[in-house]
Amino acid sequence: MKLLFLLNTLILSAALSSSTVIVTITAAPAIPSNEPSFSIPSSFTSAILNSTNTYRRQYNASSLSWNTTLEKFATSYLQSDTTCRFAHSGGPYGENLAIGYANATASVEAWGNEEEKYNFNDPGFSEETGHFTQLVWKTTTTVGCGRKLCGTRGWFVVCEYWPRGNVGGEYGEEVDRNIDERGGGGTRLSGPVVAAVAVVASLVQCCVVIVVFWWFGKAKL
Ligand SMILES: *[C@@H]1O[C@H](CO)[C@@H](O)[C@H](O)[C@H]1NC(C)=O
Ligand SMILES: *[C@@H]1O[C@H](CO)[C@@H](O)[C@H](O)[C@H]1NC(C)=O
Ligand SMILES: *[C@@H]1O[C@H](CO)[C@@H](O)[C@H](O)[C@H]1NC(C)=O
Ligand SMILES: *[C@@H]1O[C@H](CO)[C@@H](O)[C@H](O)[C@H]1NC(C)=O
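Residues numbered from 1 in each chain as written. Chains lettered and ligands numbered in written order. Predicted model: local features only at pLDDT ≥ 70, side-chain atom pairs only at ≥ 80, totals over all residues.

The chain carries the name SCP domain-containing protein in an unreviewed UniProt entry, which gives Trichoderma asperellum as its organism.

Colleague: Quick question: what am I supposed to make of the site of ligand 2 here?
Modeller: Taken together, Asn-60, Lys-138, Asp-176 and Ile-179 make up all the residues around ligand 2. By residue class, the composition of the shell around ligand 2 is one nonpolar, one polar and two charged. (Near = placed C-beta within 6 Å. Nonpolar A, V, L, I, M, F, W, Y, C, P; charged D, E, K, R; others polar.)

Colleague: What is the right way to look at the sheet that holds strand β2 (residues 94-99) in this model?
Modeller: Whenever strands of a sheet pair, they do so through backbone hydrogen bonds, lying parallel or antiparallel. Taking strand neighbours across the sheet as the criterion, the four strands line up as β1-β3-β4-β2 in an open arrangement whose pairing is mixed. Of all strands in the sheet, those with a lone pairing partner are β1 (65-66) and β2, marking the two edges. By the bridge criterion, eight bridges tie strand β3 (residues 142-149) to strand β4 (residues 155-162) in an arrangement that is antiparallel. When the bridges of β4 are listed, Val-143 appears paired with Tyr-161. On the sheet, helix α4 (residues 68-80) packs against β1, β3 and β4 and is oriented at approximately 25° with respect to β3. (Pairing = 2+ DSSP bridges. Helix = DSSP H or I, 4+ residues; strand = E, 2+ residues; numbered from the N terminus. Contact = placed C-beta atoms within 7 Å. Axes fitted to C-alpha atoms, helices over the stretch in contact; angles between N-to-C directions.)

Colleague: How should I be thinking about the nonpolar core in this particular structure?
Modeller: It is characteristic of soluble globular proteins that their nonpolar side chains tend to be buried jointly. In this structure, Ile-48, Ala-104, Val-136, Val-143, Cys-145, Val-157 and Cys-159 are the most contacted members of the largest nonpolar core, which totals 30 residues. Mapped by element, the contributors of at least two residues to this core are α3 (41-58), α4, α5 (104-112), α6 (130-135), β3 and β4. The dominant element in this core, judged by the number of residues it contributes, is β4, at six residues. With sequence-adjacent residues up to four places away left out, Val-143 is seen in contact with Ile-48, Thr-52, Leu-64, Trp-66, Asn-67, Leu-70, Cys-159, Glu-160 and Tyr-161. (Core = buried A, V, L, I, M, F, W, Y, C linked by C-beta atoms within 7 Å. Buried ≥ 20, exposed ≤ 12 C-beta atoms within 10 Å, placed from the backbone.)

Colleague: Before we go on, may I ask you to explain the site of ligand 3 in this structure?
Modeller: In the neighbourhood of ligand 3, the contacting residues comprise Asn-67, Thr-69, Leu-70, Thr-142 and Trp-162. Counted by class, the shell around ligand 3 contains two nonpolar, three polar and no charged residues.

Colleague: What exactly am I supposed to notice about the packing of α3 against α5 here?
Modeller: Packed helix pairs are characterised by how far apart their axes lie and by the angle those axes make with each other. Between α3 and α5, the shortest axis-to-axis distance is 8 Å and the interhelical angle comes to 25°. Our classification of the angle between α3 and α5 gives roughly parallel. Viewed along their axes, α3 and α5 form a crossing whose handedness is right-handed. In this structure, α3 uses Phe-44, Ala-47, Ile-48, Ser-51, Thr-52 and Tyr-55 to contact α5, whose residues at the interface are Ala-104, Thr-105, Val-108, Glu-109 and Gly-112. Within the contact of α3 with α5, the residues separate by chemical class into six nonpolar, four polar and one charged. (Parallel < 35°, antiparallel > 145°, perpendicular 65-115°, else oblique. Left-handed = near helix turned anticlockwise from the far one by under 90°.)

Colleague: Teacher, can you tell me more about α3 here?
Modeller: Taking 1.5 Å of rise per residue, the 18 residues of α3 would be expected to cover 26 Å, and the 26 Å separating its terminal C-alpha atoms lies within 8% of that figure. Those residues of α3 lying buried are Phe-44, Ala-47, Ile-48, Ser-51, Thr-52 and Arg-56. When α3 is viewed along its axis, its buried side chains cluster within an angular range of 155° and face the same direction. Taken together, the buried residues of α3 touch α2 (36-39), α5, α6, β3 and β4. Note on α3: the residue one or two positions beyond its end, Asn-60, has a positive phi of about 60°. (Expected span 1.5 Å × (residues − 1). Arc of directions from axis to C-beta.)

As structure tokens, then:
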């Protein structure tokens, strides 16, 4: 028993010291460097398209297709940005940037979730919602993105959109409200329909009453 305990202690301390050594050697930052949706090209493309088009469906915008011209533009911009400045390229396309998210889907969701701050009653650009409005911009038809690992800051994602969104004066037509948040197809329509039926019903009732009074009045004369 005692021997066994001693043996356990030895194994445990050996394991601890070896794991300590491993940690010291790799000094691995908590970044998902092997995350497949970043590291495998086909997984990256499908994750971006799936998440982008999930949002676009919700905001009544057609699905985007992958555009390799845009992908190449984003990728070469990332290559030229040797210090990971995390700044816009100044290129001719709509452009969304994200850094440090756990996977490609989470990067797009960070843009989509800006919707919470968007004022549909006062459509326009703001720094806080510009990624969202580009993401669901109805006239945009294609997207292409690149990514690279920026050390401890994680994966830097750059997406280019064409035709570009966030065009001044067009937000009202281009950024539709969330189809689900409008109460869902059926209930959204039934509100006005119920109101219209109620108006027609009360008009009919009113007419019937008038006709009845007129009829009785005439009959009395
Ligand atoms: C597709 O995108 C949506 C929205 O980001 C996400 O909730 C869902 O998990 C994604 N599906 C796959 C298979 O990645
Ligand atoms: C969706 O968009 C189309 C045109 O892009 C428009 O005609 C239609 O009214 C929109 N639907 C809703 C529910 O807003
Ligand atoms: C991809 O983007 C380029 C750059 O704007 C554009 O010229 C081209 O027509 C796009 N490709 C498709 C298939 O839409
Ligand atoms: C992506 O990352 C988010 C946030 O960490 C996580 O909730 C989600 O499960 C991840 N999705 C996939 C497909 O790994």
